[in-house]
Amino acid sequence: MRHHSFGRTPFTVSEIGFGAWQIGGSWGDVSEADGRAALNAALDAGVTFIDTADVYGDGRSEKIIADVLKSRGGARPMVATKAGRRLDPHVAEGYTKANIERFVDRSLTNLEVDSLDLVQLHCPPQDVYYDPALFEGMEELRKAGKIRNYGVSVARVEEALKAIDYPGVVSVQIIYNIFRQRPADLFFKEAKRKNIAVIVRVPLASGLLSGKITEKTAFSADDHRSFNRHGEAFDVGETFAGVPFEIGLQAVEEIRKLVPEGASMAAFALRWILMNEAVTVVIPGARNAEQARANAAAAELPALSADVMKAARDTYDRLVAPHVHHRW
């Protein structure tokens, strides 16, 4: 497992982290026992970065993380959480220092810490990125010691580019995978130039890039792959990376041909992401210990050849880009 400096912060993190949305909720039935086992397996495999949010299971994810880390003791991984999606309605006007501080205080309690390693604004409405007062408020929270660092989790490349204009923003979390390649066109270059940590989420396009989903796969009613297929609950780009389901399945069959013998498609998809040196950490989720160990093992795959990278890009350009490239 290789490690990278986390932008301008003192933290160093493993290139494969642990995305804790699945152990919170909205992915069907994941028991607390399975969630704990998944997180422990990831940490045992050398993962040193955990990403969660206050809304994942209404705090369930944060509380599981706190309990597991307390039980394990020893050196702590970096734990990033998010704030903002508790707003109801979720509107730009709600993104005030006072509201974010309320959410931060709740996460401090859930995670059982005195200061949060990283707080990310959780995919706020676009107008928020044009509100200097909010980012001044985040700086005040940092100076007060409630948070050590702050960043943003964005839906669109344009939001990422605007966010890193603020000097206090140390990180950007963004969707990047074989089905969402636009961040590499400009944003990654700017992030590298400004020493911004890049956290990659939805690396497997909600499981499509695991190669295990078919047109007959059934998702439970409480799984976002069922209830958010067309963006009914939140941005559709978070579900299957915004790719129409049938198109995604067609593209998967082309990508499958590129996977090296002995490797899983999921590991291949994670290794594809890590080929870009602007990526600091990728945060696949896991429903159980087996998935967590498999995710971590992707770091052991050798570098992909230029021919393989080109073939993956060709599939994207032909099948996927017309549906996603202009949107996010």
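That block above? That's the structure.
Residues numbered from 1 in each chain as written. Predicted model: local features only at pLDDT ≥ 70, side-chain atom pairs only at ≥ 80, totals over all residues. Heavy atoms only, no water.

## Describing the overall build of the chain
Helices and strands together make up the secondary structure of the chain, namely eleven helices and ten strands. In terms of overall dimensions, the chain is globule-like: its C-alpha atoms have a radius of gyration of 18 Å, near the 20 Å expected for 328 residues. Once the C-alpha set of the chain is aligned to its principal axes, its extents read approximately 55 × 40 × 40 Å. Counting every position in the chain, which comprises 328 residues, the buried fraction comes to 57%. For the chain, long-range pairs separated by at least 24 residues make up 76% of all intrachain contacts whose partners lie at least 6 apart in sequence. Put simply, the chain shows about 13,500 Å² of open surface, and 49% of that area lies on carbon and sulfur atoms. If the 40 positive side-chain charges of the chain are averaged to one point and the 43 negative ones to another, these points end up 2 Å apart. (Helix = DSSP H or I, 4+ residues; strand = E, 2+ residues; numbered from the N terminus. Rg over C-alpha atoms; globule rule 2.2 N^0.38 Å. Buried < 20%, exposed > 50% of the residue type's maximum accessible area, 1.4 Å probe, protein only. Contact = heavy atoms within 4.5 Å. Areas by Shrake-Rupley, 256 points an atom, 1.4 Å probe, with all protein chains shown as cover. Lys, Arg positive; Asp, Glu negative; His and termini not counted. Charge placed at Lys NZ, Arg CZ, Asp CG, Glu CD.)

## Description of the packing of helix α1 (residues 32-44) against helix α2 (residues 60-72)
One way to put it is that α1 packs onto α2 with a least axis distance of 10 Å and a crossing angle of 55°. Considering their axes alone, α1 and α2 lie oblique with respect to each other. Read as a crossing pair, α1 and α2 show a hand that is right-handed. Residues E32, R36, L39, N40, L43 and D44 of α1 lie in contact with α2, whose contacting residues are R60, I64, I65, D67, V68, L69 and R72. (Axes fitted to C-alpha atoms, helices over the stretch in contact; angles between N-to-C directions. Parallel < 35°, antiparallel > 145°, perpendicular 65-115°, else oblique. Left-handed = near helix turned anticlockwise from the far one by under 90°.)

## A closer look at helix α4 (residues 132-144)
Over its 13 residues, α4 extends 18 Å from the first C-alpha to the last, a length consistent with the 18 Å expected when each residue adds 1.5 Å. For α4, the full list of buried residues reads L134, F135, G137, M138, E139 and L141. Looking at the buried residues of α4, the elements they touch are α3 (97-111), β6 (118-122), β7 (150-153) and β8 (169-175). Phi turns positive one or two residues past the end of α4, at G145, with a value near 90°. (Expected span 1.5 Å × (residues − 1).)

## Remarks on the environment of R86
The topology assignment puts R86 in the loop between β5 (78-83) and α3. Residue R86 is classed as partly exposed on the basis of its relative accessible area of 30%. Along the sequence, R86 and A53 sit 33 residues apart, while their C-alpha atoms lie 10.0 Å from each other. If we skip the residues at most four places from it in the chain, R86 touches D54, V55, D58, F103 and R106. Only 2.8 Å separates the side chain of R86 from the side chain of D58, close enough to count as a polar contact. (Polar contact = N/O pair within 3.5 Å; in protein donor to acceptor, adjacent residues only side chain to side chain.)

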